[in-house]
Amino acid sequence: MIEDMLRTPAAVRDAERHTAHNYHPLPVVISSAEGAWLTDVDGRRYLDCLAGYSALNFGHRHPTLIRAAHEQLDKLTLTSRAFIHDQFADFCKELAELCGKDLVLPMNTGAEAVETGIKVARKWGYQVKGVTPGQANIVVAEGNFHGRTTTIVSFSTDEDARADFGPYTPGFTVVPYGDLDALTAAIDENTVAVLLEPIQGEQGVVVPPEGYLPGVRRVCTERNVLFIADEIQSGLGRTGHTFACDHEGVVPDMYLLGKALGGGIVPVSAVAANTDVLGVLKPGQHGSTFGGNPLACAVATEVVRLLATGEFQRRSAELGARLRAGLEGLIGKGVVAVRVRGLWAGVDIDPTLMSGREACERLMERGVLAKDTHGSTIRLAPPLVITDDEIDHAVAQLAAVLAG
Ligand SMILES: Cc1ncc(COP(=O)(O)O)c(C=O)c1O
């Protein structure tokens, strides 16, 4: 194709012209997608190895999910929670069952689920645990990523995410991730919750040492503190289990879910917990106009049903083993370390070779889309519908990029 005739450069310029530059996207303009593949405005195809930061666990336009969305669009899209709609009960029941919890509270974005978790934990602290009014404290981890609201960035340790957004919300204590002694020492009589990602995604798919999550569970139980697992990126099949906590048989008091729950179609998030925890909320104390809307519930119920079959968790575990083997084969050939759980990988590129951004740009030129994080790390999180051959293809392209 003659370079001058490509639509991409002008489309990139247009996209940048009237938007705040709060992202630094790869210079690719996607116009359609199916399964694990994307097509750009010039007809070039790319293997999606990011899957919308795990929002597309079931691939692009999964037929069951698209059908559910179409059918619901033709019937009812929004009521607000002022009225009950006919998609609500099934969604809440089936998601609660998947989580093994009594109740769910639907919201929209991941950050809203996190905010909900924080509010519920504080209220639980005052009303159930008996914490002194105004003194509730939540223990969080260094390197966390829980979203972008002012409260959430208040306890971020990433200066890019935090700087100049103060004044900051008090009530959080930050401890090193993976250090159970530090976490235990940070808990006092005012601690209402420990909020953790069971695997830190944005930090580069950082898996805590074995025994850490069970240890957190034990300490939380002993000290009457809620364990809140932010499974917004790690959950819903990504790691080879329904939840990343399942790898060590850990059951938190509260799951925070988002991303894949909306099937890559609509933003759907939720908090799942038992009645003794979520039951602290009474009418008027929390909510969202769009949370739990009929379109969201119709799609998300089908997401829960896909997960209930176990097929996606199995695929993720099996194909993840292949991804791991492929990536480990690149260690010493431009890769210095890899961390893999299911179909989720953090790949540390030798920083003397190229940055993560450069690696992703070169992968893009070879028809594979992935995203860098923190300098020289790239994150791979393909849709769980990817095939063996496609995984081999992605690894081969990465090998070619690193070979220069
Ligand atoms: C672990 C985790 N929590 C929360 C969020 C925030 O989700 P959202 O961008 O939907 O607000 C993210 C997003 O990347 C995440 O990875």
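Just so we're clear, the structure is a prediction, and the values are computed from it rather than from any experiment. All residue numbers refer to position in the chain's written sequence, counted from 1. Residues qualify for local features only when their pLDDT is at least 70, as the model is predicted, and side-chain atom pairs are given and counted only at 80 or more; totals for whole chains, interfaces and linings, by contrast, use all residues. Side-chain figures throughout are based on the complete set of non-hydrogen atoms in the structure, without hydrogens or water.

1. Focus on the layout of surface pockets
Logical step 1: Size it by volume and the second largest pocket reaches roughly 420 Å³.
Logical step 2: The pocket and cavity definitions rest on a 1 Å grid over protein atoms only: a 1.4 Å probe that fits but cannot leave marks a cavity, an open set with protein on both sides within 12 Å along at least five of seven lines marks a pocket, and residues lining either have an atom within 4 Å of a point. Surrounding the second largest pocket, 18 residues form its lining, R81, V104, L105, L281 and H286 being those nearest its centre.
Logical step 3: Put simply, the parts of the chain that give the lining of the second largest pocket at least two residues each are α4 (88–99) and β4 (103–107).
Logical step 4: If one sorts the elements of the lining of the second largest pocket by residue count, β4 sits on top with five residues.
Logical step 5: Split by residue class, the lining of the second largest pocket holds ten nonpolar, six polar and two charged. Grid points are joined across faces, edges and corners, and a volume is the space filled by probe spheres set on the points. What counts as a helix is a DSSP run of H or I of at least four residues, what counts as a strand is a run of E of at least two, and both are numbered from the N terminus. Residue classes follow a fixed rule: Ala, Val, Leu, Ile, Met, Phe, Trp, Tyr, Cys and Pro count as nonpolar, while Asp, Glu, Lys and Arg count as charged, and any other residue, Gly among them, counts as polar.

2. Some words on the site of the ligand
Logical step 1: Neighbouring residues are identified by heavy atoms, a residue being near a molecule or strand if any of them is within 4 Å of it. In the vicinity of the ligand, the contacting residues are T109, G110, A111, F145, H146, G147, E197, E202, D230, I232, Q233 and K259.
Logical step 2: Interatomic distance of 2.8 Å between a backbone N/O atom of A111 and an oxygen atom of the ligand.
Logical step 3: Identification of polar contacts relies on pairs of N or O atoms within 3.5 Å, with a donor-acceptor requirement for protein atoms, meaning one able to donate a hydrogen and the other able to accept it, and with residues adjacent in sequence counted only if both atoms are side-chain atoms. Here Q233 contributes a side-chain N or O atom positioned 2.7 Å from an oxygen atom of the ligand.
Logical step 4: With residues, only the protein chains shown are counted as cover, and all accessible areas are computed by Shrake-Rupley using a 1.4 Å probe. Burial of the ligand by the protein chains amounts to 81% of its free accessible area of 390 Å².
Logical step 5: Residues of the shell around the ligand, tallied by class, amount to three nonpolar, five polar and four charged.

3. A short note on empty space enclosed by the protein
Logical step 1: Within this structure, the stated rule accounts for four cavities of 30 Å³ or more.
Logical step 2: Considering only enclosed or pocket space, the largest cavity measures out at about 40 Å³ in volume.
Logical step 3: Around the largest cavity sit C49, L363, V368, L380, A394, V395 and L398, which together line it.
Logical step 4: For the lining of the largest cavity, the leading source of residues is helix α14 (residues 388–402), giving three residues.
Logical step 5: Looking at the lining of the largest cavity residue by residue, the classes come out as seven nonpolar, no polar and no charged.

4. As for the side chain of D372
Logical step 1: Turning to its location among the elements, D372 is positioned in strand β14 (residues 371–373).
Logical step 2: Separated by 3.3 Å, the side chains of D372 and K371 make a polar contact.
Logical step 3: Setting aside anything within four residues of it in sequence, one finds D372 in contact with G356, R357, C360, T377, I378 and R379. Any two residues having at least one pair of non-hydrogen atoms within 4.5 Å are treated as being in contact.

5. A closer look at the packing of α4 against helix α11 (residues 294–308)
Logical step 1: Running from amino to carboxyl end, α4 crosses α11 at an angle of 30°, the nearest separation of the two axes being 9 Å. What the angle tells us is that α4 and α11 run roughly parallel. By crossing handedness, the relation of α4 to α11 is classed as left-handed. Here F88, D90, F91, E94, L95 and L98 of α4 lie close against α11, whose contacting residues are C297, A300, T301, V304, R305, L307 and A308.
Logical step 2: Here the contact of α4 with α11 is composed, by residue class, of nine nonpolar, one polar and three charged. For helices, the fitted axis covers only the stretch in contact; all axes are lines through C-alpha atoms, and the angles between them, taken along N-to-C directions, range from 0 to 180 degrees. Convention used here: angles under 35 degrees read as roughly parallel, angles over 145 as roughly antiparallel, angles from 65 to 115 as roughly perpendicular, and any remaining angle as oblique. Definitions for this section: a left-handed crossing has its near helix turned counterclockwise from the far helix by less than a right angle. A right-handed crossing has that turn clockwise.

6. What about the packing of helix α12 (residues 311–328) against α14?
Logical step 1: Across the interface, α12 lies against α14 with an axial gap of 10 Å and an inter-helix angle of 20°. Between α12 and α14, the angle is such that the two are roughly parallel. For the pair α12 and α14, the crossing hand works out as right-handed. Listed contacts from α14 to L319, R322, L323, G326 and L327 of α12 are D388, I391, D392, V395 and L398.
Logical step 2: For the contact of α12 with α14, the per-class residue count stands at six nonpolar, one polar and three charged.

7. A short note on α14
In an α-helix there are 3.6 residues to a turn, and that puts residues three or four apart on one side.
Logical step 1: By this rule, a helix spans an expected 1.5 Å times one less than how many residues it contains. Here α14 is 15 residues long and its end C-alpha atoms lie 21 Å apart, about the 21 Å a rise of 1.5 Å per residue gives.
Logical step 2: Those residues of α14 not exposed but buried are E390, I391, A394, V395, Q397, L398, V401 and L402. An end-on view of α14 places all buried positions within 155° of arc, on one side of the element.
Logical step 3: A positive backbone phi angle near 80° is found at G404, which sits one or two residues after α14. Any residue under 20% of the maximum accessible area for its type is buried, any over 50% is exposed, and the rest in between are partly exposed; the area is computed with a 1.4 Å probe on protein chains only. The directions considered for the arc are those from the helix axis to the C-beta atoms.

8. What about the packing of aromatic side chains?
Logical step 1: In this analysis, rings of Phe, Tyr and Trp, with Trp reduced to its six-membered ring, are considered paired at centre separations within 6.5 Å, and the interplanar angle assigns stacked below 30 degrees, edge-to-face beyond 60, and tilted for intermediate values. If you walk through the whole model with that rule in mind, you get four aromatic pairs.
Logical step 2: Ring centres of Y177 and Y212 lie 5.8 Å apart, and the angle between their planes is 70°; this geometry places the pair in the edge-to-face category. Note that Y177 is positioned in the loop between β6 (172–175) and α8 (180–186) and Y212 in helix α9 (residues 212–222), a separation of 35 residues in sequence. Of the two residues, Y177 and Y212, neither departs from the other in class, the shared state being buried.
Logical step 3: Residues F243 and Y255 carry aromatic rings whose centres are separated by 4.1 Å and whose planes lie at 20° to one another, so their mutual orientation is stacked. Within this pair, whereas F243 is found in the loop between β8 (226–230) and β9 (254–257), its partner Y255 is found in strand β9, the two being separated by twelve residues in sequence. Accessibility assignment for this pair places F243 and Y255 in one class, buried.
Logical step 4: Directly above the aromatic system of Y168 lies the positively charged group of R162, at a separation of 3.8 Å from the ring centroid. By the criterion adopted, a ring carries a charge over it if an Arg CZ or a Lys NZ lies within 6 Å of its centre and within 35 degrees of its normal.

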